[in-house]
Amino acid sequence: MSRLLVSTSESLLLVDLKSETIAPLHMGSGLYFGIAKGPDGSVYVAARNRMVSSAAAIENERGSILIFSSDFVLQQEVSAPFPLRDMHGVLWHDSALWITCSRDNFIAIFDGSNWRKWYPTQEDIGATSDIHHYNTLGIIHNDLCLLAHNNGDSELFIFDQQSLTLQTRLPLGRIAHNIWCEGGVYFTCSSGEGDIVGSDGFRFHVGGFPRGYTQLPDGRRAVGINEYTERAARDKTTSCIRIYDTTWNPDDEIAMPIGSGMLLDVVSI
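For clarity, every value in this text was computed on a predicted model and none was experimentally measured. (Residues numbered from 1 in each chain as written. Predicted model: local features only at pLDDT ≥ 70, side-chain atom pairs only at ≥ 80, totals over all residues. Heavy atoms only, no water.)

**Describing the packing of aromatic side chains**
Phase 1: According to the stated counting rule, one finds 15 aromatic pairs in the structure shown.
Phase 2: Aromatic side chains Trp118 and Phe159 sit 4.9 Å apart centroid to centroid with 75 degrees between the ring planes, which places their arrangement in the edge-to-face category. Of the two residues, Trp118 is situated in strand β11 (residues 115-118) and Phe159 in strand β14 (residues 153-160); the sequence distance between them amounts to 41 residues. Grouping residues by exposure puts Trp118 and Phe159 together as buried.
Phase 3: Consider the rings of Trp180 and Tyr213, whose centres lie 3.5 Å apart with planes at 5 degrees: the pair is stacked. Of the two residues, Trp180 sits in strand β16 (residues 176-182) while Tyr213 sits in strand β20 (residues 209-215), which places them 33 residues apart along the sequence.
Phase 4: The ring of Phe82 carries Lys117 above its face, with NZ or CZ at 4.8 Å from the centroid. (Phe/Tyr/Trp six-rings, centres within 6.5 Å; stacked < 30°, edge-to-face > 60°. Helix = DSSP H or I, 4+ residues; strand = E, 2+ residues; numbered from the N terminus. Buried < 20%, exposed > 50% of the residue type's maximum accessible area, 1.4 Å probe, protein only. Lys NZ or Arg CZ within 6 Å of the ring centre and 35° of its normal.)

**Considering the sheet that holds β11**
Phase 1: Read from one edge of the open sheet, four strands run β8-β9-β10-β11, paired in antiparallel fashion. In this open sheet, the two edge strands, each paired with only one partner strand, are β8 (87-93) and β11. Between one strand and the next, the sheet's axes are offset by a mean angle of 25 degrees, whatever the strand orientation.
Phase 2: As paired strands, strand β10 (residues 106-110) and β11 are joined by four bridges and run antiparallel to one another. The residue bridging Ile109 from the neighbouring strand is Arg116, located in β11. (Pairing = 2+ DSSP bridges. Axes fitted to C-alpha atoms, helices over the stretch in contact; angles between N-to-C directions.)

**Considerations on the pairing of strand β18 (residues 195-198)**
Phase 1: The alternating pattern of β18 places Asp195 and Val197 and Ile196 and Gly198 on opposite faces, both of which are buried.
Phase 2: Sheet topology places strand β17 (residues 185-190) next to β18; four bridges connect them, and they run antiparallel. Its bridge partner lying in β18, Ser190 is registered against Asp195.
Phase 3: Here β17 folds back onto β18 in antiparallel fashion, the turn holding four residues, of which Gly194 has a positive phi close to 70 degrees.
Phase 4: Alignment of β18 against strand β19 (residues 203-205), held across three bridges, turns out to be antiparallel.

**Here's the deal with the sheet that holds strand β24 (residues 263-268)**
Phase 1: Spatial strand order, β3-β2-β1-β24: four strands in an open sheet with antiparallel pairing. At either end of the open sheet lies a strand with only one pairing partner, and these are β3 (21-27) and β24. Going from strand to strand, the sheet's axes swing by 25 degrees on average, the running direction of each strand aside.
Phase 2: Here strand β1 (residues 3-8) runs beside strand β2 (residues 11-16); their pairing, made up of five bridges, is antiparallel.

**Let's talk about the pairing of strand β5 (residues 43-47)**
Phase 1: Taken across its five residues, β5 has five buried, putting it largely inside the fold.
Phase 2: Note that strand β4 (residues 32-37) and β5 share four bridges and pair antiparallel. Residue Ala36 lies in a different strand from β5, and its bridge partner there is Tyr44.
Phase 3: Linking two consecutive strands that pair antiparallel, namely β4 and β5, is a turn of five residues; a positive phi of about 90 degrees is found at Gly41 within it.

See the structure below:
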């Protein structure tokens, strides 16, 4: 049985693909974003504690990490000694949680006891505005991959995962989210174009504003499809999960609850 954890503007949801039922797991912590699975079955979820449409200044945003047990019971909420602003993707790596903090151009790293910041490039250090809009982290071929949305033409930054030395930068998509690799080809949701694109020139149009990707145990793909709206309207937009087979033929579509807002991340469990 395939189930998905889905984060939206309003809630964290559990989606059962067989019955097509949707159960809310958590609400009320502002916009929910990245989801990561820990080695013990625990689940880490970024909660921004602020909506995109909020009148409160992002400078005052103080995000937190919600830690759930393997059966999705909230165990703990943790905050850093520094602001976690505009959190996006999260990744469990090297016995720590890595969190993209787009507003301030750094990755927050939490080892369960201590917090630290990692600035991926020299130009990020001391920057007073969001210059790369980092939003997705992943380990691919023993490299640490980081997607830079760039508020336009996007790039994939590839680092040596031990030394964190930048090895290469690849153009990949536009206003892009999510990264994965198949057969040596890097892929992303080119959200600004409504496409899935690959580093080899692959392009497949899914429409809308795609964000959130995961592969199911049977090889099918789940993609979050959102309405293309202005940022201030995203909290009340509509979205769905579209299921594709291994050759990108549409197989199923599951609408998210009305008013749940933009779909932001999806993880197969």
